[in-house]
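Observations on the three-dimensional arrangement
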Amino acid sequence: MATPIADRSNGNAQQPALVPTGRPLGSPQGGAWSGRLWQLAWASVPVWSLALLAFVPFLRLALVRRRARDWGVFAGYLAASMVVMVVGGVHAFVAFRPMPDANGSLASEQALTAARARMHRRQQARELAQHNPVLARDLRIGRPDVPHDYDDGGLVDVNQVPGNVLAACLGLTPGETAAVVAARDQLGRFSSPEELSVYAQLSPDRVEALRDWMMFS
């Protein structure tokens, strides 16, 4: 509001002039601006904290208002923040567990593939020897002691190879090798792994471990 003042310099009353008694029109109220800044500051907390501190503004409201509803909102935001932190931490812990060496893993996989391939070739070679013994002899199946081009997967013909090959290819001990050679010389030939076990006095478990590598022509 402005108060009119009379001009008495010439004794005549003139049009009163307006003298401002308050803030100029259009000037912002300091309290309103301060409140708006506080509002923006609290609203920014979830933003710059990437939602991890989203519960903080609502904790402030709950402490000031002391209403059950405000405490419930605060609890909800706090629980959500805790879930994000815990789940994120657990997930990261699991995701970044030490990984096996890539080269070692690749080498193991290649070795496993090669071993399976040899087993498959031994099975094929054994079946070929059973159905066509003449062709098997021509291909030198089970004879690592003589040159041959056919890959039989490492089969050992117990009735044909010398003792040193039995030891080298089947891993027999000197005593086992001597017992096998002596029994073979006496019988002429073995007909099966079971017969080898009986006459060479090798334990059934020992023979079973070597079954996949042996053939009896």
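Since the structure is predicted, the reported quantities are computational estimates derived from the model, not experimental observations.

**Quick word on the overall build of the protein**
When you go through the protein residue by residue, the secondary structure sums to 9 helices and 4 strands. Starting at the N terminus, the α and β elements of the protein follow one another as β-β-α-α-α-α-α-β-α-α-α-α-β. Looking at the protein residue by residue over its 217 residues, the buried ones come to 22%. Across the protein, the fraction of contacts at a sequence separation of at least 24, relative to all contacts at a separation of at least 6, is 38%. Counting only carbon and sulfur atoms, one obtains 62% of the accessible surface of the protein, whose full area is about 15500 Å².

**Some points on the nonpolar core**
Ranked by size, the top nonpolar core spans 17 residues in total, and within it V158, L166, L170, V180, F190, L196 and M214 carry the most contacts. Secondary-structure elements contributing two or more residues to this core are α6 (163-170), α7 (174-187) and α9 (204-210). Per-element tally for this core: the top contributor is α6, with 3 residues. By size, the runner-up hydrophobic cluster in this structure holds 6 residues, among which are A125, A129, L155 and M215.

**Topic: α6**
Turning to α6, its buried residues number three or more, namely G163, V165, L166 and L170. Seen from one end, α6 has its buried residues packed into an arc of 160 degrees, which puts them on one side. For α6, the exposed residues set more than 90 degrees away from the buried face come down to N164 and A168. Among the structural elements, β3 (156-157), α7, α9 and β4 (214-215) are those in contact with the buried residues of α6.

**Quick look at the confidence of the model for the protein**
Averaged over all residues, the pLDDT of the protein is 82; the fraction at 70 or higher stands at 83%. Per-residue pLDDT, averaged within each element of the protein, yields its smallest value for strand β1 (residues 2-5) (45) and its largest for β3 (95). Every residue in residues 1-11 scores below 50 in pLDDT, and together they form 18 contacts with partners more than four places removed in sequence or on other chains. Long-range and interchain partners of residues 16-28, a stretch whose pLDDT sits below 50, account for 17 contacts in this model, where long-range means more than four residues apart.

**Topic: the packing of helix α2 (residues 55-65) against helix α3 (residues 68-95)**
Interaxial distance between α2 and α3 falls to 8 Å at its minimum, and their mutual angle equals 155 degrees. In terms of axis orientation, α2 runs roughly antiparallel to α3. The interaxial crossing formed by α2 with α3 has left-handed handedness. In this structure, α2 uses F55, F58, L59, L61, A62, L63 and R65 to contact α3, whose residues at the interface are D70, W71, V73, F74, Y77, L78 and S81. By residue class, the composition of the contact of α2 with α3 is 11 nonpolar, 1 polar and 2 charged.

The rules we used
Residues numbered from 1 in each chain as written. Predicted model: local features only at pLDDT ≥ 70, side-chain atom pairs only at ≥ 80, totals over all residues. Heavy atoms only, no water. Helix = DSSP H or I, 4+ residues; strand = E, 2+ residues; numbered from the N terminus. Buried < 20%, exposed > 50% of the residue type's maximum accessible area, 1.4 Å probe, protein only. Contact = heavy atoms within 4.5 Å. Areas by Shrake-Rupley, 256 points an atom, 1.4 Å probe, with all protein chains shown as cover. Core = buried A, V, L, I, M, F, W, Y, C linked by side-chain atoms within 4.5 Å. Arc of directions from axis to C-beta. pLDDT = per-residue confidence, 0-100. Axes fitted to C-alpha atoms, helices over the stretch in contact; angles between N-to-C directions. Parallel < 35°, antiparallel > 145°, perpendicular 65-115°, else oblique. Left-handed = near helix turned anticlockwise from the far one by under 90°. Nonpolar A, V, L, I, M, F, W, Y, C, P; charged D, E, K, R; others polar.

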